[in-house]
Each structure stands twice: as structure tokens, then as C-alpha cells.
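Single-letter residue listing:
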Amino acid sequence: MIRFLPLGGADEVGASCFYLNFDGTGILLDCGIHPQKTKIDSLPKFELIQNEPIDFLFISHAHLDHIGALPFLIKKFPYLKIYTTKQTLEIARLTLHNTVRIPNEKLSGTSNELLYDHDDIDLILRSAIEMEYEKALEIIGLRHSNNDSIKVTFYDAGHILGSASILIEYQNRRIFYTGDIKLSPQTIMSGAVLPDKPVDILITESTYAATDSEKVGNIKSEEDKLIKEANRIIHSGGSVLIPVFSLGKMQEVLMFLHNKMKRSKLTEAEIFTGGISRKLAHLYDLNRYLVNRNFEKIKLSEIEQINYFDVVNPDYYKKHPSIVLASSGMMIENTMSNKLMKYWLHHKSFGIFIVGYMDPSTPGYKISNSTQGEEIEIDKKTKVNCSVNRFHFPSHSTREELLEIAEKLKPSRVILIHGEPEGKDWFGHQILKSNQNVKVNSASVGNSIILSSEN
């Protein structure tokens, strides 16, 4: 029997973690933390598998909503074998150490009580095993009930450096887990690679399934709009703030801006970056010939940029029209993008550019849905004096690309995860509209789905 059980990340973006039982072999797909929740609610529901066989963990990529709960998982299941790509492992060494206090504070409520430390992270990551794209691995768990092995293959997901979708083959079933997937190219990443044969079961993210692509435009029109608005602001003496995730979005936008300046499409201006994003850019550089990517000859670390932590007084940005790429991408409290956003809001000539997903519970969501002259609640009532512009630069597949993935892989069953109910409803309806014989399930945490009852 094959059974699928979501532990987190089913009806929302955060704490992604999914359990599969293949006749006694237990496999976990990802193990993330929820950035907007606290204490035990920020973790996947590990108690659901406390009495289940747990043998292997396959990590799709290194964003914290897919990997951040790893230390807590290993404390519960210390003999778990971990597999991921070389690049994800390298990134995890940076990000898990850099954010060690965040998950600890979420659970303990204090920065003084660490439930795990840097030594624990080192031990976990030293034991992880690297996977190559499109090179199959055969596994079998300790309590497996027969002699049929399980075959696991990673495919480039096109989302960020090292990201992978995962194909699992067992007996007569082919199961494909997309992870976070981007089918078409971004500025750096070249786009996802799919299996060349159909699958039986597709477990797919649905992050942007609720976003109407006709309203947001195509990537070329969005690029042109961003450049036009950036030029307007810079020429008027203002500065641009672009909140970005340190991993993935920061590198993509930095390369995009660099290319446009070099082609004289974008007015030359100082670009500011900072924090861990610089170390992550170095990893992108080191791996530029080892993965499928664009502009591999350009080193991100050699693009001219200034550390925003060197700016003592934000009035600098009034005197020097600049573009600031600051994390966090959702402008969460006590981050650089949040601090700068509060300064930006007071200046009419400035602009905030939204280029990524915003969780509805974050300050970034409030900003992205505000208009110039409006009064909003950010700590206190604040007038939005600067311009706010939203541009669609997705690192996830659009709703059309999600449907294209389903059409290419021809599954007989689709399980929808990693998305909001509205998007999952639209996605499921479109799948059934094109093929009523497909079974569609909207996953929910704690509810098992039997994928095969064959012995």
C-alpha cells in the first residue's frame, strides 16, 4: 500500500512536509518551518508520524519553509537518512547557521534557550548525502514488507539554485512531487526539467494558481514596466526599495538590474545589497557551470554593489538616487526591508517595488495592496507617501505553467499542495475541465490519501 500524509504546507505556503509510506518504508518530502507562526504551530505536525516507519528524507530545496524544521525532525528521528542536491546542501550550511535563533525563538519564546545549536546543524549536514539530477537512487526501508525497492530521481525544478522536483517509482506507480517549481526561465535559472514519461500521481504546488496572469502581464511587459518606473523615480531624485528573499529572488533581481544597466535600458544608479545574500551569491558563482543556468559567465559577486549596512543615515538615499535590494521579501518585522520601508513611506519621490509572493499576514502584503496617499496600519497609522508598484516576477510556475505540467505528465491523479484554497479550487477545476477522468485531491494536514492499495 502507498499512503500520502501531509504534515504541513498543504493549504498554505509554509512548513512544507509530506509523508509517504510505501509498504513499510517511510519517506518524508521536505521539512520546513512556517515563517509567520510561533511555537509548536510553526512546525510540521511530527506527532502524526510518531508511530510510523521513518527511513528517508528528501529535501527539494533550501528555502526555510522547506528545510527550516530539519534540526527538530532529527532530534525526534535521529537515524533518518537525508538526501538532497550538492547545491542545496551548500546553501543549507549557510542558511541554517545564519537563522539558528529564529526557529529556536519561535518554539522557546526566548533567544537564551536554544533547543539546538550550531554543532547540531553541522552534525546533521555532515551526514546528508548528495543527489545528482536525473541519476536514480534505489532505496528500501528497515520495515519494508517485500523485496521491491523504491527508485528516487531528482529533476531540476528551475526555482532556485539546487532546487529539485522528485520522481518516486515503486512497483507500477510513478509519483512526481514538484516541490517549488518554475517551468519557464527566470533571469538566472533556466527553467524546470520534467520526466520524459507520464506519471501516475502528480503532487504539485499551487502557489500562483490564484493569480490571473492576464491581469499581471507577461514577463517581458513586467520587465518593461519595472524599468520605466525605476527610471522615472531615479530621474526625479528618488530611490527604489525592492524587498527580496535573500535566497533566489535577490540573485535573480540583481542579475536583471545589472543586465539592464549594461544595455543602457536602466539609468545607472548605486545598487545596495547586504547580509547573507552576498554569501549566497558566491555559491551561485561557484556552481554556475555545474547547473543549468543563464549568464554563467557573469559572477554575481563581481557586480558593483554597496553593503546597505554601511549606510548609517537613511537620508543618504535622498541625496543619492539608489536601488536597494533588501530582505526580507515580505518585509517582516525587524528586518532591513521593514526598517527601510518605514523610512520610504515618508518620501513622495521614492518607490517600493513588490516583485514576489506576499503572505496575507505580513507587513509586505499590506504595503503591496496599498496606494499612494492611503493611510495604513504599520505599527501605527502611517500615510503612504511613496509610490508602490507591484510587478510579477515569479520564481514559481504561473497558473498556466502548472496546467502545462499536468498536461505533459498526464497523471491519473493530482494532489494539490502549497497554495491557498482559492488557487487550489481554480487549479482543480481547470484540470477536471480538460479531463474528467483525473482524480483531484486538495491536500489537508492530517488527512491521509491512499495512492495504491496493492500488496
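Residues numbered from 1 in each chain as written. Predicted model: local features only at pLDDT ≥ 70, side-chain atom pairs only at ≥ 80, totals over all residues. Heavy atoms only, no water.

Participant: Could you give an account of the overall build of the protein, naming the residues involved and the relevant values?
Facilitator: Counting secondary structure elements, the protein contains 14 helices and 22 strands. With the principal axes as the frame, the protein shows a C-alpha extent of 70 × 55 × 45 Å. Buried residues in the protein amount to 60% of all 455 residues. Considering only contacts in the protein between residues 6 or more positions apart, those separated by 24 or more positions represent 72%. When the accessible surface of the protein is split by element, carbon and sulfur atoms take 48% of a total near 19,300 Å². Charge separation in the protein, taken as the distance between the mean sites of 52 positive and 56 negative side-chain charges, equals 3 Å. (Helix = DSSP H or I, 4+ residues; strand = E, 2+ residues; numbered from the N terminus. Buried < 20%, exposed > 50% of the residue type's maximum accessible area, 1.4 Å probe, protein only. Contact = heavy atoms within 4.5 Å. Areas by Shrake-Rupley, 256 points an atom, 1.4 Å probe, with all protein chains shown as cover. Lys, Arg positive; Asp, Glu negative; His and termini not counted. Charge placed at Lys NZ, Arg CZ, Asp CG, Glu CD.)

Participant: How would you summarise the packing of helix H7 (residues 219-235) against helix H8 (residues 249-262) if you had to cite specific residues and measurements?
Facilitator: Running from N to C, H7 and H8 cross one another at 70 degrees; their axes reach a closest spacing of 12 Å. Classified by the angle their axes make, H7 and H8 are roughly perpendicular. Considering only the axes of H7 and H8, their crossing is right-handed. Between H7 and H8, the residues in contact are Glu223, Leu226 and Ile227 and Phe256, Leu257 and Lys260, respectively. (Axes fitted to C-alpha atoms, helices over the stretch in contact; angles between N-to-C directions. Parallel < 35°, antiparallel > 145°, perpendicular 65-115°, else oblique. Left-handed = near helix turned anticlockwise from the far one by under 90°.)

Participant: Lay out the nonpolar core in plain terms, naming residues and giving numbers.
Facilitator: Proteins that are soluble and globular tend to have nonpolar side chains buried together. The biggest cluster of nonpolar side chains holds 39 residues, and the ones touching the most others in it are Leu226, Ile242, Leu257, Ile323 and Leu325. Breaking this core down by element, the ones donating at least two residues are H7, strand S12 (240-243), H8, helix H9 (277-286) and strand S15 (322-326). Among the elements that line this core, the one with the most residues is H8, at 7 residues. Sequence-distant contacts of Ile323, that is, excluding residues within four places in its chain, are made with Ile234, Val240, Ile242, Leu257, Met261, Leu266, Glu270, Ile271 and Phe272. Core analysis: the second largest hydrophobic core is formed by 31 residues, Leu7, Leu80, Ile121 and Ile124 among them. (Core = buried A, V, L, I, M, F, W, Y, C linked by side-chain atoms within 4.5 Å.)

Participant: Lay out the side chain of Glu222 with the relevant residues and their values.
Facilitator: Summarising the element assignment, Glu222 is placed in helix H7. Judged by its relative accessible area of 2%, Glu222 is buried. Ignoring any residue separated from it by four or fewer positions in sequence, one finds Glu222 in contact with Val216, Gly217, Arg390, Phe391, His392 and Phe393.

Participant: I'd like a rundown of the sheet that holds strand S19 (residues 387-390), residues and numbers included.
Facilitator: Spatially, S14-S13-S15-S12-S16-S19 is the arrangement adopted by the 6 strands of the open sheet, whose pairing is parallel. Strand pairing shows two members of the sheet lacking a second neighbour, strand S14 (306-307) and S19, which therefore form its edges. The strands touched by H8 are S12, strand S13 (270-273) and S15; relative to S15, the strand with the most contacts, the crossing angle is about 160 degrees. (Pairing = 2+ DSSP bridges.)

Participant: Describe the pairing of strand S10 (residues 173-177), listing the residues and the values that go with them.
Facilitator: Residues in a regular strand project their side chains so that they alternate between the two faces of the sheet. Burial analysis of S10 places 4 of its 5 residues in the buried class, which makes it a mostly covered element. Of the strand pairs in this sheet, strand S9 (residues 164-170) and S10 are connected by 5 bridges, and their pairing is antiparallel. Bridge pairing in S10 links Ile166 to Tyr177. Linking S9 to S10, which pair antiparallel, is a turn of 2 residues; within it Gln171 sits at a positive phi near 50 degrees. Sheet topology note: the S10/strand S11 (residues 201-205) ladder contains 3 bridges and is parallel. Paired with Ile175 across the two strands is Ile201, which belongs to S11.

Participant: Before we move on, could you go through helix H5 (residues 118-127) and cite the residues and values that matter?
Facilitator: Within the span of H5, buried status applies to Ile121, Ile124 and Leu125. Summarising the axial view, the buried residues of H5 lie within an arc of 90 degrees, below the 170-degree limit, and thus occupy one face. Across H5 from its buried face, at more than 90 degrees, point the exposed residues Asp119, Leu123 and Arg126. Each element contacted by the buried residues of H5 is listed here: helix H2 (70-76), strand S5 (81-85) and helix H3 (86-98). (Arc of directions from axis to C-beta.)

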